[in-house]
Amino acid sequence: MDPATGLIAKKYNKLRDREEIAKMVAVGCLPFSFPSSDAFIRYIQAIYNPMFNGIPRTTCRSDIFRLHSQYCFYLSTLIKNIQCRLSLTSNLGCAVNKNDYLTVTYHWMDSNFVMQKRILAFLYDEDRKHTGQFIADSIVKIVGYYGIENKILCIAFDNASNNKTAIKKLKSTLSPPLPEIFHIKCACHIYNLIVKDVLEFFKLYIEKIRLAVGFIQGNNRRSRIREFKVKYQENGFAPILMLGEIDTRWNSTYEFLKTCYKYRISITLTFNQHCGSFADFADSADCMLHNSDWVVINDLVKYLEKFYVATVEFSGAYCLTVCNILAYIADISGFLKEYKNKEGYKEAVGAITT
């Protein structure tokens, strides 16, 4: 240890180097060839180790699979020592490489009554079937690998039809102790469906906002963003990148509209100057943003905020959330009754509450 700087000299360990790079490639979804790329080698040689010559693709691949085997062994040992029942949750999603994967996670309470969770597996869905049979077979295969078929108490799924089919098959295979609570329905997914149903009734207003933001950040991006920047600086706002929506992400539309409303003056001034260039509208006035549009958007943001708060509350990974569901359901039920008689929401909320 250097007494002047407090730094500790460490001896270079090639195996440790390979292990950490393998973790970086796996976590960052990088190609196996990344550690042997010229750019990466040049960076390491210039900053850390002039003798570094890279790690071959095949070596990186074998290191990642070795780490995966070690982690699976660790999980197996950990699960064997758990004395309580386990709760599973699973979801199908698309990775950055555009491949579909089935993720299976398990939760349990440790001896100190602290919520714990671990990912059991990412299973590649090569055929993109997304069927209930595929989901059920995959989960049975995974829990069988870890030998926890008799430890499953419940599974948290959303209400998609393929998941309901999977639940029926899993009940007969896993024989849970309490079949009536085996399927824990995802409250966030239900809230998301309610939100989507209501958003359909305000599609015209939302599309105008999307069109405006898309125009500002679309072709000739630099000049339009420069123009937009001048407008929001004139109105005393800090710089911001207007993020788009992600259809599969909860609260995405709420966050998008909330940000747009804050910058409504700048968006309106920038967009309305160019409305005549849109061929989709017979009259340029049809696409112009007006104060009445923002009044509707502001009211919609207030409506969506109630579901945003509930979704954030139920998205906790290391805390119990099911005990708060009834309180939030009662709160949202009363909230919907208020909006049921509100102008512009009667038909939308009425379709949900009847």
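Reading the values: rules and limits
Residues numbered from 1 in each chain as written. Predicted model: local features only at pLDDT ≥ 70, side-chain atom pairs only at ≥ 80, totals over all residues. Heavy atoms only, no water. Patch = residues over 30% accessible without salt bridge, like charges linked within 9 Å, V, L, I, M, F, W, Y side chains within 5 Å. Areas by Shrake-Rupley, 256 points an atom, 1.4 Å probe, with all protein chains shown as cover. Salt bridge = Lys/Arg side-chain N within 4 Å of Asp/Glu carboxyl O. Helix = DSSP H or I, 4+ residues; strand = E, 2+ residues; numbered from the N terminus. Lys, Arg positive; Asp, Glu negative; His and termini not counted. Charge placed at Lys NZ, Arg CZ, Asp CG, Glu CD. Phe/Tyr/Trp six-rings, centres within 6.5 Å; stacked < 30°, edge-to-face > 60°. Buried < 20%, exposed > 50% of the residue type's maximum accessible area, 1.4 Å probe, protein only. Disulfide = S-S within 2.5 Å. Axes fitted to C-alpha atoms, helices over the stretch in contact; angles between N-to-C directions. Parallel < 35°, antiparallel > 145°, perpendicular 65-115°, else oblique. Contact = heavy atoms within 4.5 Å. Nonpolar A, V, L, I, M, F, W, Y, C, P; charged D, E, K, R; others polar. Core = buried A, V, L, I, M, F, W, Y, C linked by side-chain atoms within 4.5 Å.

K.L.:
Provide a residue-level description of a nonpolar patch on the surface, including the pertinent values.
P.N.:
Taken together, the side chains of Tyr43, Ile47 and Tyr48 define a hydrophobic patch exposed on the protein surface, amounting to about 370 Å² of accessible area. Note that tyrosine 43 resides in helix α2 (residues 38–47).

K.L.:
Tell me about a positive patch on the surface, residues and numbers included.
P.N.:
A cluster of like positive charges, contributed by Lys164, Lys168, Lys171 and Lys185, occupies part of the molecular surface. Of all the elements, helix α5 (residues 161–174) adds the most residues to the positive patch, at 3 residues. Residue position: lysine 164 is located in helix α5.

K.L.:
Which residues make up the packing of aromatic side chains, and what values do they have?
P.N.:
Overall, the coordinates contain 19 aromatic pairs when judged by the stated rule. Taking the centre distance of 6.5 Å and the plane angle of 75 degrees together, the rings of phenylalanine 307 and phenylalanine 335 count as edge-to-face. Taken as a pair, phenylalanine 307 in helix α12 (residues 291–314) and phenylalanine 335 in helix α13 (residues 325–340) lie far apart in primary sequence, 28 residues in all. Phenylalanine 335 matches phenylalanine 307 in its accessibility class, with the two residues each being buried. Put simply, the rings of Tyr191, Phe202, Tyr303, Phe307, Phe314, Tyr328, Phe335, Tyr339 and Tyr345 touch in pairs and so form one group of aromatic residues.

K.L.:
Can you lay out the state of the cysteines for me, pointing to particular residues and giving the numbers?
P.N.:
Under the definition given, this model contains 0 disulfides. Sulfur of cysteine 188: no disulfide; nearest cysteine sulfur belongs to cysteine 186 and is 5.0 Å away.

K.L.:
Go over the packing of helix α1 (residues 14–27) against helix α3 (residues 57–80) with me, naming the residues and quoting the values.
P.N.:
In the contact formed by α1 and α3, the axes pass within 9 Å of each other and the chain directions differ by 85 degrees. As far as their axial angle goes, α3 and α1 are roughly perpendicular. Along the contact surface, α1 presents Arg18, Glu19, Ala22, Lys23, Val25 and Ala26, while α3 presents Thr59, Cys60, Asp63, Ile64 and Leu67. Taken together, the residues of the contact of α1 with α3 sort by class into 6 nonpolar, 1 polar and 4 charged.

K.L.:
Requested: an account of unusual backbone geometry, with residues and values cited.
P.N.:
Positive phi outside glycine occurs at cysteine 29, with the angle close to 55 degrees. Looking at the secondary structure, you find cysteine 29 in the loop between α1 and α2. Backbone geometry places phenylalanine 113, a non-glycine residue, at a positive phi of 60 degrees. Within the secondary structure, phenylalanine 113 sits in the loop between β2 (100–109) and β3 (115–124). Of the residues examined, phenylalanine 113 reaches a relative accessible area of 70% and is grouped as exposed.

K.L.:
Please give an account of the nonpolar core that cites residues and values.
P.N.:
Among the nonpolar cores identified, the biggest contains 41 residues, and Ile209, Leu257, Ile267, Leu300, Tyr303, Leu304 and Phe307 are the most heavily contacted of them. Looking at this core, the elements that each hand over two or more residues are α6 (187–199), α7 (203–216), α9 (252–262), α10 (264–272), α12, α13 and α14 (346–353). When residues in this core are grouped by element, the largest group, 10 residues, is from α12. Excluding its chain neighbours within four sequence positions, the residues that come into contact with isoleucine 209 are Phe256, Leu257, Cys260, Leu289, Trp294 and Ile297. Grouped together as the second largest cluster of nonpolar side chains are 28 residues, Leu102, Ile139, Ile142 and Ile148 included.

K.L.:
Could you give me a rundown of the side chain of glutamine 116, with the residues and numbers involved?
P.N.:
Of note, glutamine 116 is situated in strand β3. Overall, the relative accessible area of 18% leaves glutamine 116 in the buried class. Those residues in contact with glutamine 116, other than ones at most four positions away along the chain, are Tyr106, His107, Trp108 and Asp110.

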